[in-house]
Amino acid sequence: MVSKSFVRRSGAQFLLTSLGILLIGSLPYLFFNMKSQLEILEMIDQKNLSNTLFLYDTVVFNLDAYVNQLIHTIEVLFNGNMFEYYTRGRNLPLFPALWAAYTRSMSYLVGSLIVSIGAGILLTFITMLFPKQTRAYIKGFFFIIESLPDIFVILLAQLGVIWVYKQTDLLLFNVTTGFNDQAIFLPIFILSLLPGVYIYKYLVLSFEEEENQLYVELAKGKGINRYRILLVHIFRNAMVSLFNHFKGVFLFALANLLMLELIFDINGIMMFIYKHGVVNTEMVTLSLYMIFLPAFVLFTVIEWFIERWTAKQEGAI
Amino acid sequence: MRKTSLLRNFPFVFGIVFLLLVLVSSSLYSFYGSEVQPDKMLYDKNGNVIALAPFAPSFKFPLGSDLDGFSFVYKLIEGAKYTVGLAIAVAFFRIVFSFIFGYFLYRLPSSLRNMFSGLANTLHYAPVTIFTYLLIAPVVLNFSWSYDVSTKILFPMVILIGISIPVLALYVQNELDAISKKEYIDSAKILGGTGFHLFRKHLAPFLYPKLLILFVQQVGQVLIIFAHLGLLNVFIGGTDVRVMDVDFKTGETTTQSFSMTNEWAGLIAQNFPYAQSFPWMVLAPVTAFALSILAINSIVYGLTNRKIFKKRVEKKSIPPKTVILEQTQFEFNGSNHSSKQG
């Protein structure tokens, strides 16, 4: 059932994006004299060098060093046994640390995606029960929320929880991550806010589009219950468009992840890249692959399902 | 006709008025603003100290105050021209370069074009802020000892412009493709129009309104990245290093960077350590960002949904017109004569 063109398209997409990650990960080597800078950084960190006033450098265009770094990165990625990262004058083994950060971030990401999809669908149902004019107000409200920057929403939500705690002594959620107790629910809840609104926006659009279709009119004419039409018939068709937008939702949540980890002081993968990424470009490349691979598999599976579903529909007609 | 419809377009007007007010008051402030050193203490009527700076939000300090007792409202107004101005400049160059680059993409054979779009897809798999940070940080933070001031200001701008070009150029190229499939392009070709002529006379004019909307959107995007970079401790508007603490035994000094220009991202960066104890110190600049981004998004909304507002205008204007027509029909001779005589 899988068409050849689909396989070829996905394969090409996969190869190109992998190449892109490789190219972008080593980009600092193109613009800066990274080797000498890293040596100086190591000397400063080990306190062999204290005066840096005499050092001067400019932004360069270093194609040789870039290509060398690309080859080096490929070697590191495929050998796999020399993963180390540099921090404060020492080289530390990358693997337990990065893996822990990665699983933490991914559990937040997956959890919040599930919550945001659930909340988005529920909100859409509730909105669709209102008459059209009331709907316009609700949509306007969500338009305002949607256009607020993520940093504002996340900060405000965190402060809101603290405020509730101060007023009522009721700690809704753990606000920050402590030594061995993880803040779990609040980050997931906050990370799901903006993607939830995003999902809601598209779902309401496609629900309203479906609502004007002929089959809904027919169903109404047959006297089928309004809720049944909404829950079964419209919902089924609108879900396809949700899956079409799933890639956008996922990437949107990913973009919010950085701010979430920063504000909540979570040691996730984004914080890891932020803290150590500049001096460890191989690590950046590796983490980008770790994000890209599962996401790409997920997108491809969804795309394949949609393709099969539409093919079936057309075949039925 | 066009002008009225834009002026009645409430979201558009709201956004424009808000941004203009902020920018104008910001540039006026640098001429007329007072340079009074404020008190670090707040007294009540009897002269007792009731609060120490930073002051919490109140009637006197609507957004709170900073460590020196400056009200955040004034600081934010002063910094607005740098932040918003810089965002507008960056967005403008983004659009200009991606317009040029998009045209070149459009002229490329489709196999190369697909390759480029596959490569550009990479930029989606992590926040743009991370990519920007990784390229800016070596100059501004990690190896900051070796670069001079002009590099530290110019290079981040180049990166901020460059990082968006692949995605935006692809958008321009897609739009160009869509327009060039229209029929009148075929007839223009038959009449002898060659590549660049077609682009200049027949493709580009259709692109300009879309580019305008894209430009406004990009101003918002750049503002968001500024806010993010502020949280990542990158100062865009120059730093002023102050000695905070001196350890007399070792002679080591603890220094802290301050934003010289009260540029918003810098304000976020310098105040983030105080976020837990004095939340308003971070919340104030973030609110400024949020409000301007809201204004920009409502301009975008107004520009993209112009049809809705046009329709409303027409509906409103129809009934009075018909009434006037009826009146003139009734008093056709009399009214005309009287108006000429009077």
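Trainee: Give me the lowdown on the overall build of chain B, citing residues and values where you can.
Mentor: What chain B contains, in helices and strands, is 13 helices and 4 strands. For chain B, with 342 residues in total, the buried portion stands at 44%. Excluding contacts between residues fewer than 6 apart, the proportion of contacts in chain B whose partners are at least 24 apart in sequence is 65%.

Trainee: Any details on the overall build of chain A? Residues and values, ideally.
Mentor: Secondary structure assignment for chain A yields 13 helices and 2 strands. Taking all 317 residues of chain A together, the buried fraction comes to 46%. Pairs at least 24 residues apart make up 76% of the contacts formed inside chain A by residues separated by at least 6 positions. With the model as given, the accessible surface of chain A reaches about 17,000 Å², and the carbon-plus-sulfur share is 64%.

Trainee: How would you explain the packing of helix H5 (residues 95-129) of chain A against helix H11 (residues 246-264) of chain A if you had to name every residue and give the values?
Mentor: Residue and element names in this part refer to chain A. Where H5 contacts H11, the axes come no closer than 10 Å and their chain directions differ by 130 degrees. With respect to H11, the axis of H5 lies oblique. By crossing handedness, the relation of H5 to H11 is classed as right-handed. Packed against H5, whose contacting residues are Ser-105, Leu-109, Leu-113 and Ile-117, the element H11 presents Phe-246, Val-249, Phe-250, Ala-253, Leu-254, Leu-257 and Glu-261 at the interface. Of the residues assigned to the contact of H5 with H11, the class counts are 9 nonpolar, 1 polar and 1 charged.

Trainee: Account for the packing of aromatic side chains, with residues named and values stated.
Mentor: Centre-to-centre distance and the angle between the planes together describe a pair of aromatic rings. A full pass over the atoms with the stated rule returns 39 aromatic pairs over all chains. Both rings, one in A:Phe141 and one in A:Phe142, keep their centres 5.3 Å apart while their planes meet at 75 degrees; by these two values the pair is edge-to-face. Their ring planes at 55 degrees and their centres at 6.2 Å tell us that B:Phe99 and B:Tyr208 sit as a pair that is tilted. Here the residue B:Phe99 occupies a position in helix H3 (residues 72-107), and B:Tyr208 occupies one in helix H9 (residues 195-231), the gap between them amounting to 109 residues. Among the aromatic residues, ring-to-ring pairing joins A:Phe14, A:Phe246, A:Phe250, A:Phe292, A:Phe296, A:Phe299 and B:Tyr125 into one connected group. Directly above the ring of A:Tyr227 sits A:Arg226, whose terminal nitrogen or CZ lies 5.9 Å from the centroid. In this arrangement the basic side chain of A:Arg308 is found over the ring face of A:Trp304, its NZ or CZ atom lying 5.1 Å from the centre.

Trainee: Summarise the environment of A:Tyr86; cite the residues concerned and give the values.
Mentor: Residues and elements named next belong to chain A. The topology assignment puts Tyr-86 in strand E1 (residues 84-87). Filtering out sequence-adjacent residues up to four positions away, Tyr-86 remains in contact with Leu-41, Glu-42, Asp-45, Asn-91, Val-279 and Asn-280. At 2.8 Å, the side chain of Tyr-86 forms a polar contact with the side chain of Asp-45.

Trainee: Provide a residue-level description of the interface of chain B and chain A, including the pertinent values.
Mentor: With 49 residues of chain B in contact, the opposing surface of chain A contributes 59 residues. For the chain B and chain A pair, buried surface summed over both sides reaches about 4,600 Å², with 79% attributable to carbon and sulfur atoms. Among the residues chain B hides against chain A, the three largest losses belong to B:Tyr125, B:Phe143 and B:Trp145. Together they make up 18% of the total. On the surface where chain B and chain A come into contact, there are 0 salt bridges. The interface formed by chain B and chain A contains 5 residue pairs in polar contact (both at pLDDT 80 or more). Breaking the side of chain B that touches chain A down by element, the ones donating at least two residues are helix H4 (110-120), helix H5 (128-142), helix H6 (149-162), H9 and helix H11 (280-304) of chain B.

Trainee: Lay out the packing of H5(B) against H6(B) in plain terms, naming residues and giving numbers.
Mentor: Residue and element names in this part refer to chain B. One can describe the packing of H5 onto H6 by two numbers: an axis separation of 9 Å at closest approach and a directional angle of 170 degrees. Relative to H6, the element H5 lies roughly antiparallel. On the side of H5, the interface is formed by Thr-132, Leu-135, Ile-136, Val-139 and Val-140, while H6 contributes Thr-151, Lys-152, Phe-155, Pro-156, Ile-159 and Leu-160. Considering only residue class, the contact of H5 with H6 consists of 8 nonpolar, 2 polar and 1 charged.

Trainee: Can you break down the pattern of salt bridges residue by residue, with the values?
Mentor: Per the counting criterion, the structure on display carries 8 salt bridges over all chains. Within this structure, A:Arg135, A:Lys139, A:Glu208 and A:Glu211 form a network of salt bridges that share partners.

Criteria and thresholds
- Residues numbered from 1 in each chain as written.
- Chains lettered and ligands numbered in written order.
- Predicted model: local features only at pLDDT ≥ 70, side-chain atom pairs only at ≥ 80, totals over all residues.
- Heavy atoms only, no water.
- Helix = DSSP H or I, 4+ residues; strand = E, 2+ residues; numbered from the N terminus.
- Buried < 20%, exposed > 50% of the residue type's maximum accessible area, 1.4 Å probe, protein only.
- Contact = heavy atoms within 4.5 Å.
- Areas by Shrake-Rupley, 256 points an atom, 1.4 Å probe, with all protein chains shown as cover.
- Axes fitted to C-alpha atoms, helices over the stretch in contact; angles between N-to-C directions.
- Parallel < 35°, antiparallel > 145°, perpendicular 65-115°, else oblique.
- Left-handed = near helix turned anticlockwise from the far one by under 90°.
- Nonpolar A, V, L, I, M, F, W, Y, C, P; charged D, E, K, R; others polar.
- Phe/Tyr/Trp six-rings, centres within 6.5 Å; stacked < 30°, edge-to-face > 60°.
- Lys NZ or Arg CZ within 6 Å of the ring centre and 35° of its normal.
- Polar contact = N/O pair within 3.5 Å; in protein donor to acceptor, adjacent residues only side chain to side chain.
- Buried area = accessible area lost by both parts, 1.4 Å probe.
- Salt bridge = Lys/Arg side-chain N within 4 Å of Asp/Glu carboxyl O.

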